[in-house]
Amino acid sequence: MKKMAYFEWLKIARDWKTRILAIGFLVFFGTFSLLYRQQEVTLPEIQLRGEYADAQQIFRLIPESHFDGGLGEEVQRTLGRNATLIGLNQYILGQQEGNTVAGIEDVVSDYLSNGRELAENNLFLHETTEFESYELLKEVYLPTRAEVEKDLKFYSALEANGLDIEWNPLASSQILIQQVELVTGVILFIFIALLAGDAFTKDQVKNWSVSQGLPIPWKKQWRLRSFMFWGIIWTVTLIGLAISYVVSLLFETTGTLQYPIEIFVDGASEYIPSWQYMLLVIGSGMLLSLVILLLTTGLSWIIRNIYLTILIVIALYFAPAIWNSLPPLTAWQPSFYVNIQGILQGESAFQYGLDGLVFWKLPFILLGIWLLLEISFKQIFNLIPTQSLGLQRRKIK
């Protein structure tokens with residue numbers, strides 16, 4: 001077995017395409033933080049500036065007469081308080097000192113308290129259905145009730161861990177999160193397709209008898225090469241992530257790997273530390289990539305055309321888009337689970353109206369696909385002619 005593994009590894013490692021792809025993706029992953037810093041990002045302070053303008057604009061849109069009476073006056077006071085809270089938080093973010101500003105804490109309070117009060121005010125405004133301009137409030141001013149409840153959970157998670165609000169979207173920890181999501185998305189499928197798309201196509205041209213089961217069973221080669229490609233992909237990816245993170249530390253603020261990230265659990269949003277989120281994403285990506293590699297390596301024998309194999313594998317990532325036109329049948333449909341971030345953050349559940357799209361189903365679905373691949377390719381291997389069935393080695397004249 002060791003000799004077989006060594007022989008298979010030499011064939012992969014000596015392939016110029018493997019070396020070029022590994023080096024190319026390593027350079028891309030390792031320099032990602034530098035590339036990411038070149039794009040224009042909107043600072044949270046600027047976003048709050050826009051919210052402050054909206055808070056001022058709502059007073060011009062609502063007729064003054066609607067603020068008459070007990071309810072109208074209460075809504076007016078709440079809207080005014082919201083504008084003040086947004087302005088205070090904008091100032092806090094602009095100072096880049098954390099949740100408050102040293103020396104004037106009594107004036108500006110702190111970001112989390114202000115944010116929590118703002119969210120509670122918005123919940124109150126959602127209850128003022130008798131207010132004459134209630135529909136206008138909902139349409140142009142109020143975030144949805146679900147978004148307000150997410151904000152409250154977010155502030156609670158920050159407070160529970162004793163964390164400051166992150167004012168810098170280019171902090172090293174924030175860039176790392178973005179990169180982890182990138183490398184487990186369409187980039188992963190591209191890497192797999194380019195690396196394994198011709199895994200056995202060349203064998204059929206250069207080493208026919210070996211790829212037909214002599215002296216190594218084809219099924220063992222299929223598994224072995226898939227695992228070797230998997231090892232190459234994740235070695236390159238993890239080293240690239242580490243290099244990129246270290247490089248970003250030289251140019252940006254560090255941020256924190258405890259920063260809360262939203263995930264979707266049992267029909268509701270929860271917040272977990274970013275390091276846990278990244279472990280979930282990477283772990284899910286590793287499981288998904290192994291199954292896709294088994295499929296890609298097998299297709300390289302069946303199709304025998306690297307370009308078509310690459311097209312099919314990359315198209316798998318975009319397969320869920322078909323359910324924008326067709327009604328989805330169940331939350332257990334495998335095509336949904338190629339989008340790891342969409343499943344983890346609940347975007348897929350919201351998009352397709354399926355609360356059952358949750359990340360804990362991913363391992364079970366991938367296990368089912370793996371077993372299906374094993375059964376399918378076992379039948380395909382039995383149909384491949386070998387020397388025992390009369391196949392003779394080709395003679396080159």
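Quick caveat, the model's predicted, so the values are computed rather than measured. (Residues numbered from 1 in each chain as written. Predicted model: local features only at pLDDT ≥ 70, side-chain atom pairs only at ≥ 80, totals over all residues. Heavy atoms only, no water.)

Moving on: a nonpolar patch on the surface. A cluster of nonpolar side chains, namely Leu-26, Ile-239 and Ile-243, defines an oily patch on the protein surface of about 220 Å² accessible area. Take Ile-239: it is sitting in helix 14 (residues 218-249). (Patch = residues over 30% accessible without salt bridge, like charges linked within 9 Å, V, L, I, M, F, W, Y side chains within 5 Å. Areas by Shrake-Rupley, 256 points an atom, 1.4 Å probe, with all protein chains shown as cover. Salt bridge = Lys/Arg side-chain N within 4 Å of Asp/Glu carboxyl O. Helix = DSSP H or I, 4+ residues; strand = E, 2+ residues; numbered from the N terminus.)

The terminal C-alpha atoms of helix 2 (residues 16-30) lie 21 Å apart, and with 15 residues this matches the ideal 21 Å at 1.5 Å per residue to within 8%. Of the positions making up helix 2, those classed as buried are Lys-17, Thr-18, Leu-21, Ala-22, Phe-25, Phe-29 and Gly-30. Buried residues belonging to helix 2 abut helix 1 (2-13), helix 3 (32-36), helix 10 (172-183), helix 11 (186-196) and helix 14. For helix 2, the side-chain oxygen to backbone nitrogen distance between the N-cap and Lys-17 is 3.2 Å, and the N-cap itself is Asp-15. (Expected span 1.5 Å × (residues − 1). Buried < 20%, exposed > 50% of the residue type's maximum accessible area, 1.4 Å probe, protein only. Contact = heavy atoms within 4.5 Å. Polar contact = N/O pair within 3.5 Å; in protein donor to acceptor, adjacent residues only side chain to side chain.)

Taken together, the side chains of Glu-51, Asp-54, Glu-147 and Asp-151 define an acidic patch exposed on the protein surface. Contributing elements (two or more residues each) for the negative patch: helix 4 (44-61) and helix 9 (145-160). One can find Glu-51 in helix 4. (Lys, Arg positive; Asp, Glu negative; His and termini not counted. Charge placed at Lys NZ, Arg CZ, Asp CG, Glu CD.)

Counted according to the given criterion, the structure contains 2 cavities of 30 Å³ or more. The space that makes up the largest cavity amounts to roughly 40 Å³. Forming the walls of the largest cavity are Leu-43, Pro-44, Glu-45, Leu-93, Gln-96 and Trp-167. For the lining of the largest cavity, a count of residues per class yields 4 nonpolar, 1 polar and 1 charged. The element best represented in the lining of the second largest cavity is helix 17 (residues 340-345), accounting for 3 residues. Among the residues making up the lining of the second largest cavity, the classes are represented as 6 nonpolar, 1 polar and no charged. (1 Å grid on protein atoms, 1.4 Å probe; cavity = no way out; pocket = protein on both sides within 12 Å on 5 of 7 lines; lining within 4 Å. Points joined across faces, edges and corners; volume = space filled by probe spheres on them. Nonpolar A, V, L, I, M, F, W, Y, C, P; charged D, E, K, R; others polar.)

This brings us to the pattern of salt bridges. Overall, the coordinates contain 9 salt bridges when judged by the stated rule. Between Glu-117 and Arg-81 there is a salt bridge whose closest N-O contact spans 2.9 Å. Pair noted here: Glu-117 is in helix 7 (residues 111-127) and Arg-81 is in helix 5 (residues 69-95), with a separation of 36 residues, a long-range link. Given a relative accessible area of 27%, Glu-117 falls into the partly exposed group. The exposure class assigned to Arg-81 is partly exposed, which follows from its relative accessible area of 34%. The partner of Arg-116 in a salt bridge is Glu-159, with the nearest N and O atoms 2.7 Å apart. Placement of Arg-116 in helix 7 and of Glu-159 in helix 9 is noted, with a sequence separation of 43 residues between them.

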